[in-house]
Amino acid sequence: MSIVPKETIEVIAQSIGIPNLSPDVALALAPDVEYRLREITQEAIKCMRHTKRTVLTADDVDSALNLRNLEPIYGFASSDPLKFKRAIGHKDLFYLDDREVDFKEVIDAPLPKAPLDTAVVTHWLAIEGVQPAIPENPPIEAIVAPPDGKKMDHGKDDSLPIDLKLPIKHVLSRELQMYFDKIGELILGRADTPLFKDALLSLAKDSGLHPLVPYFSYFIADEVSRNLNNLPILFALMRVVKSLLSNPHIHIEPYLHQMMPSIITCLVAKRVGHQISDNHWAIRDFASKIVASICRRYGHVYHNLQSRLTKTLIHAFLDPSKALTQHYGAIQGLSALGPSVVRLLILPNLETYMQLLDPEMQLDKQKNELKRKEAWRVYGSLLLAGGSCLYDRLRLFPGLLSPPDILPWKTNKKIALTNLPNNKRKASSRLTAHQPPTKKLAVDPTGTNSQFPSTDGPATSSSSGSNPNHHHSHNSSNNNSSSTGNITNANANINNVSGSGAHGQRVAVSNVLRQAWKEDLDAGHLLSSLHGLFGEGIFSFIQPAEMHCFI
Amino acid sequence: MEEEVEKAVFVYLRKKGFRLTEIALQEEQTRLSSDASSLSRSESDAAKYYDGYGKLRSWAYNSLDSYRHELLRVLYPVFIHCFMDLVAQGHMQEARTFFQTFREDHEMMHLRDLQKLEGILSPSHLEEMELARLWRQNKVKIRLCQYSYELLVQYLHKTQSLAMLGVINEHINFEVYPGQPASMSDDSEAVSLIGTSQDLAREINQKELHWGLLEDSVEERMEKTLSESDKTEVDGNKEADTEDNNKKKTDGNKHSTAVNNKKKKDKVVGATGKTIRSESSMVSVPPRVKPELTLPQFPPEVEQSILEDLRNRVQLNSLALPSVSFYTFLNTHNGLNCSTISHDGSLVAGGFSDSSVKIWDMAKIGQPGRASNPQGENGSMQGMHSLASDEAKRPYSLLQGHSGPVYSVSFSPFADFLLSSSSDNTIRLWSTRLNANLVSYKGHNFPVWDAQFSPMGHYFATASHDRTARLWSVERIQPLRVMAGHLSDVDCVQWHPNCNYIATGSSDKTVRLWDVQTGNCARLFIGHRSMVLSLAISPDGRFMASGDEDGTIMLWDLSTGRSVSPIIGHSSCVWTLAFSCEGTLLASGSADCMVKLWDITSSMKALKTDDSKSGPASRLRLLKALPTKSTPVYTLRFSRRNLLFAAGALSAGS
């Protein structure tokens, strides 16, 4: 009935020299032994509490025995709690692992180090209620609710005067670590799976990813530099960047400076992916969009962000020794930043640049087909930039552009489809009849690109068969966003590219544009200064456009 | 008498020849007597308790939802008494099985009591163990609503379970109240309370208590001067203030950098805080009382420093949290039992298991020159200590004199004296200037768990394992008062700010407030579920906080003796509690390596609004939890300027 069995009492009796204890006595003693044990334990716990500990030690038991005026137990002197081991095969039998030590060993052993003396050190546990992130304080919890993210940063700011230099240990929770590993794996291996799409969505939506942002920014920078010729991975990385940027819960600003170089690399690198087989233009376009969105979002916070970016890009653009791919990236980046940037930075340099670009585009002067193709690309992007700038200007006059937006496309399409065999006169007269739509088409970059071939439709080209193909790829890649009408136009262009009078066409188109300009001028909507700037610009702009048609 | 009648009846029947009747009578008699003997008590009693309790239990658990929690309250005392009755009647085996069978039900609420009672194995233990004695000698009072009570009575009558009826009649007093059953959470006055002690508490708590602050204290005088100067010349005062501030800034530069930093911080808020304080003090001024003890006068320069501190006090509230400076004891080898910090945070003392007391002067630690060239400074000490050269190497002053573990240390208000209490039954007074022992106070018969200087100095109170608290004056070696009444160890002691009362917390799970003049118990606070480890009284003298072994913190209203808000504040022992200087915040430090800050004002407001009805107690609001790096928090102390100091020993285990 007592947890102390009477056998124990008998064994104890024998050990202190009472060989034959009567069972009755043992039975009577057992419960009392248990009671005394409990009493001593209770007192020992009191002593433990007063020594401000939560683990019972032999000292406490000694103190408790002392309280009861009993002799302490010897042989357990240790200020640390005793370590009990479970006896094998018994559920609740424990023993102290008391190793026998050879005397010689003890004597021969070198003297142990003297224990260090007690000392007191002081630190700030909190400053006005906020814990500074110093090594003396426990690491701040890794998972922080997103709204707290900012607050915490402020907290760190508060602590700056105290201790800034010490490294902050950052603990990442297991779940986040797994998440990060999984994302990394997806980016590098399986970027084309639907799972990756879900991952991107999660990156863009999930709260609580904030602790991972430094890791992601590092990962992206690292992988971009390593995988410059692996286009799918670069694309995946850029998409991750885009998702992270769009996540409303992430406070990404402090990490922008780490991410920007990788994005700009994707934009203006000399070689991205395999030059021939991969569509590296697409990633440049994508990167330019990301850059532009960053500038829009954080431009007001980091006022020198855009200026630094444009400086980098304009350097790439104006350096003739740089490859055409780089020029293309720079132009794309600049034009993505908005028409005003284009007007201020590209247009003034356009004429000189065109002189450089011209020979590259000529079949007879540039024998390397790849180079020529690149030049055409650059040309296209310039056209786009200039066009959008122009469009922006013209948008200021809503009277001219507000008329039907859809109608012109339709009519245009009709023209392209129905008037395929018609000669250029008819097409152009038709276009002049619809003045506003023509203007829009001429001005809108996507419009220009598709318009020219479609009006060219009937015109015959004397150039080689490779050019139409080039036209096609040019159009389809450039007009990602355009409607199917454009594509049919392009197709129509391929079908009918042969047998149209190039020369007449050139005149017609320039007529169209010139007329448009004149109208603007006549209407007095365009300022004369603007005309001065654009007058030349637009001529150089139109001329290549015609040449483009010409080929 | 009865036998005579019986005899007479038999004689009468024989005489008349009623043979059959006689035989029938005899038969009936034998049957009756055999009945009585066959009910051999040893067997059936135990079974009766077991069955009776089992049935009562299942009935209570199956009763109506809204009354169940009230009926379940009845189970625990019945359980305890059934068990003790069984023990008292000598059915050890049955008692043990009974206890083990039903123990689980009560483990959640009463684990510690159960652990103690489990040890009762013979009737003599019942006599010996204080807890068992308490239970058996007193009645439990249980509050039941009208209907619950009727249900219970009906059940007991219907089932005819006499054992249960007996236990309930004998040991439980029902306090029946009309209306609906009280809500589940209102458990504070539920079961574990013992009837008479509850009555005692009620009786004691009806006494008048002067909880106000002292008349003519430095604070009061300062407020007076403030308000006067406010009235007379507002502008002039402001100028004086700025001058003051400037002066202080220059003063501050003289101090060591660490202290200087914080002072500047304090100062910035101080200016604004002051005006708010003077306004708020207008709203609710605590009543003033006369001191019952003859109190010492502060010397003028000390008063000056207090006034300066008061002027520079940071206003703390739920929005403005304090800065916490943490003193970590390193390499204590599990030997640090207690620590204390002086009011200005410049001195830190620790009491160790190896009987030593060590004092660190934090201002000197910052100065590297001191370690190399201490002779000039400590020249006077060299004569006293033969180990002077050894002394020089140490960054602290070592006080040796006790012959057992030191359980508490306490600085006098101006840190010129230090008290230490030890397991060698003595309290020693040390001078921090001379680094020497001045007096050894003997009087307690068992280890002295706690010793605290009064807020004004000169007097101190001690708490001991001998179940008494004692009041001493530094200049007498005999105690002035002995406060006896606790039923177990007195574990902690704390002074009321007006020096007229001391509060003690005990292992009997109660907190008592004693009048220092009469030595009588002025308040009894019942509600903790385990040993009370720490106490703090708010600076306005109205509220008291107590922390226990389980991590519960309770806030008490001293004037009514009621609990304001119990909270599970920590996951382990609450070693220390401290109120901020204006009483808006409560800081608690615990073995779970946390300093927590609680908002007092919100619960005060709630208290004021529903003062009349004793509705569900409002809870303290946790403002901030500050985890330390595996350092249990032993001591907390707000400086007069409301900087919070904390101390603890880095535990090597982790």
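For every chain, the first residue of the written sequence is number 1, and numbering continues from 1 onward in sequence order. Chains carry letters and ligands carry numbers; both start at the beginning, A for chains and 1 for ligands, and go up in the order they are written. Residues qualify for local features only when their pLDDT is at least 70, as the model is predicted, and side-chain atom pairs are given and counted only at 80 or more; totals for whole chains, interfaces and linings, by contrast, use all residues. Note: side-chain values were computed over all heavy atoms of the structure, leaving out hydrogens and water.

Under an unreviewed UniProt entry, chain B has the name Transcription initiation factor TFIID subunit 5 and belongs to Rhynchospora pubera. UniProt positions are given in the numbering used here, feature names are shortened, and annotations may be inferred rather than shown by experiment. According to the UniProt record, the Subcellular location (unreviewed entry) comment for chain B is "Nucleus".

In the annotation of an unreviewed UniProt entry, the entry for chain A reads Transcription initiation factor TFIID subunit 6, and the organism field reads Rhynchospora pubera. Recorded in UniProt for chain A, the comment headed Sequence similarities (unreviewed entry) runs: "Belongs to the TAF6 family." Its UniProt record, at the heading Subcellular location (unreviewed entry), says of chain A: "Nucleus".

A.B. asks: Whenever I open this one, the overall build of chain A confuses me. Can you help?
C.D. replies: Going along the chain from the N terminus, every DSSP run of H or I of four or more residues is numbered as a helix, and every run of E of two or more is numbered as a strand. For chain A, the count of helices and strands is 24 helices and three strands. Here chain A holds 551 residues, and 46% of them are scored as buried. Taking the contacts inside chain A whose residues are at least 6 apart along the sequence as the reference set, 69% of them involve residues at least 24 apart. Accessible area of chain A: about 29,300 Å², with a carbon and sulfur share of 58%. Partly exposed residues are those whose accessible area sits between 20% and 50% of the maximum for their type, while under 20% is buried and over 50% is exposed, using a 1.4 Å probe and protein chains only. Contact between two residues is taken to exist if any of their heavy atoms lie within 4.5 Å; hydrogens are not considered. Areas reported as accessible are Shrake-Rupley estimates using a 1.4 Å probe. Residue values count occlusion only from the protein chains shown.

A.B. asks: For this particular structure, what's the right way to read the UniProt feature "repeat: WD" (unreviewed entry) in chain B?
C.D. replies: When the UniProt feature table is mapped onto this chain, "repeat: WD" (unreviewed entry) is found at residues 329–362, 399–440, 441–482, 483–524, 525–566 and 567–608 of chain B. Each end of residues 329–362 of chain B is marked by a C-alpha atom, and these two atoms are 12 Å apart; helix forms 3% of the span and strand 59%.

A.B. asks: Mind showing me how you'd approach the interface of chain A and chain B here?
C.D. replies: Interfaces are frequently sized by the accessible area removed from exposure as the parts join. Residue-level contacts link 46 residues of chain A with 62 residues of chain B. In the sections that follow, a salt bridge refers to a side-chain nitrogen of Lys or Arg positioned within 4 Å of a carboxyl oxygen of Asp or Glu. Between chain A and chain B we count four salt bridges in total. Residue E118(B) pairs with R38(A) through a salt bridge whose shortest N-O separation is 3.5 Å. Any N or O atom pair separated by 3.5 Å or less is treated as a polar contact, with the protein-specific requirement of one donor-capable and one acceptor-capable atom, and with residues adjacent in sequence counted only for side-chain atom pairs. Our count for the contact surface shared by chain A and chain B stands at 23 residue pairs in polar contact (both at pLDDT 80 or more).

A.B. asks: When you look at a nonpolar patch on the surface in this model, what are you seeing that I'm missing?
C.D. replies: All names here are of chain A. A patch consists of residues whose relative accessible area exceeds 30% and which take part in no salt bridge; residues with like charges are grouped when within 9 Å of each other, and nonpolar side chains (Val, Leu, Ile, Met, Phe, Trp, Tyr) when within 5 Å. A surface patch of nonpolar side chains, amounting to about 450 Å² of accessible area, comprises V101, F103, V106 and I107. Note on placement: F103 falls in helix α4 (residues 103–108). For F103, a relative accessible area of 67% puts it in the exposed group.

A.B. asks: Is there a simple way to explain the nonpolar core in this structure?
C.D. replies: Soluble globular proteins tend to pack their nonpolar side chains together in the buried interior. Residues belong to a common nonpolar core when they are buried Ala, Val, Leu, Ile, Met, Phe, Trp, Tyr or Cys residues joined through side-chain atoms within 4.5 Å. In this structure, L357(A) and L382(A) are the most contacted members of the largest nonpolar core, which totals 81 residues. Among residues more than four places away in sequence, those in contact with L357(A) are L324(A), A375(A), V378(A), Y379(A) and L382(A). Counting residues in hydrophobic clusters, the runner-up holds 46 residues, among them M84(B), A132(B), L151(B) and V167(B).

A.B. asks: Help me understand the packing of helix α4 (residues 65–88) of chain B against helix α9 (residues 162–171) of chain B in this model?
C.D. replies: Packed helices, taken two at a time, are described by the angle between their axes plus the distance between the axes. Residues and elements named next belong to chain B. Every axis corresponds to a line fitted to the C-alpha atoms, with the helix fit spanning only the stretch in contact, and the corresponding angles, defined between N-to-C directions, vary from 0 to 180 degrees. Contact geometry of α4 with α9 gives a least axis separation of 10 Å together with a crossing angle of 105°. Taken together, the axes of α4 and α9 are roughly perpendicular relative to one another. In contact with V74, V78, H81, C82 and D85 of α4, α9 contributes M164, V167, I168 and H171. Only Asp, Glu, Lys and Arg are considered charged, only Ala, Val, Leu, Ile, Met, Phe, Trp, Tyr, Cys and Pro nonpolar, and every remaining residue, Gly among them, polar. Here the contact of α4 with α9 is built from residues that sort into six nonpolar, two polar and one charged. Note that the term roughly parallel is reserved for angles under 35 degrees, roughly antiparallel for angles over 145, roughly perpendicular for angles of 65 to 115, and oblique for everything else.

A.B. asks: What should I look at first to understand the pairing of strand β27 (residues 585–590) of chain B in this one?
C.D. replies: The two faces of a sheet get side chains in turn, since along a regular strand they alternate between them. All names here are of chain B. Of all six residues that make up β27, six are buried, and the element is covered over most of its length. One requirement defines pairing of two strands: DSSP has to find at least two bridges between them. Pairing geometry for strand β26 (residues 574–579) and β27, over five bridges, is antiparallel. Following the sheet pairing, A578 is matched in β27 by A587. Linking two consecutive strands that pair antiparallel, namely β26 and β27, is a turn of five residues; a positive phi of about 80° is found at G583 within it. In the sheet, β27 pairs with strand β28 (residues 594–599) via five bridges, with the strands oriented antiparallel. By the bridge assignment, L585 is partnered in β28 with D599. Linking two consecutive strands that pair antiparallel, namely β27 and β28, is a turn of three residues; a positive phi of about 65° is found at C593 within it.

A.B. asks: Looking at this structure, how should I read the pairing of strand β16 (residues 468–473) of chain B?
C.D. replies: Residue and element names in this part refer to chain B. Most of β16 is tucked away, with six of its six residues classed as buried. In the sheet, strand β15 (residues 459–464) pairs with β16 via five bridges, with the strands oriented antiparallel. Residue T462 lies in a different strand from β16, and its bridge partner there is R470. Judged from the four bridges that link them, β16 and strand β17 (residues 481–484) form a sheet pairing that is antiparallel. The residue bridging A469 from the neighbouring strand is M483, located in β17.

A.B. asks: I'm lost on helix α13 (residues 324–336) of chain A in this one. Help?
C.D. replies: Given 3.6 residues per turn, any residue in an α-helix points the same way as the ones three and four places further on. Residues and elements named next belong to chain A. Helix span, expected: 1.5 Å multiplied by one less than the number of residues in the helix. With 13 residues, α13 should reach 18 Å at 1.5 Å per residue; the first-to-last C-alpha distance of 18 Å fits that figure. For α13, every residue scored as buried is listed here: L324, T325, Q326, H327, Y328, G329, A330, I331, Q332, G333, L334 and S335. Positioned one or two residues after α13, G338 has a phi angle of 120°, which is positive.

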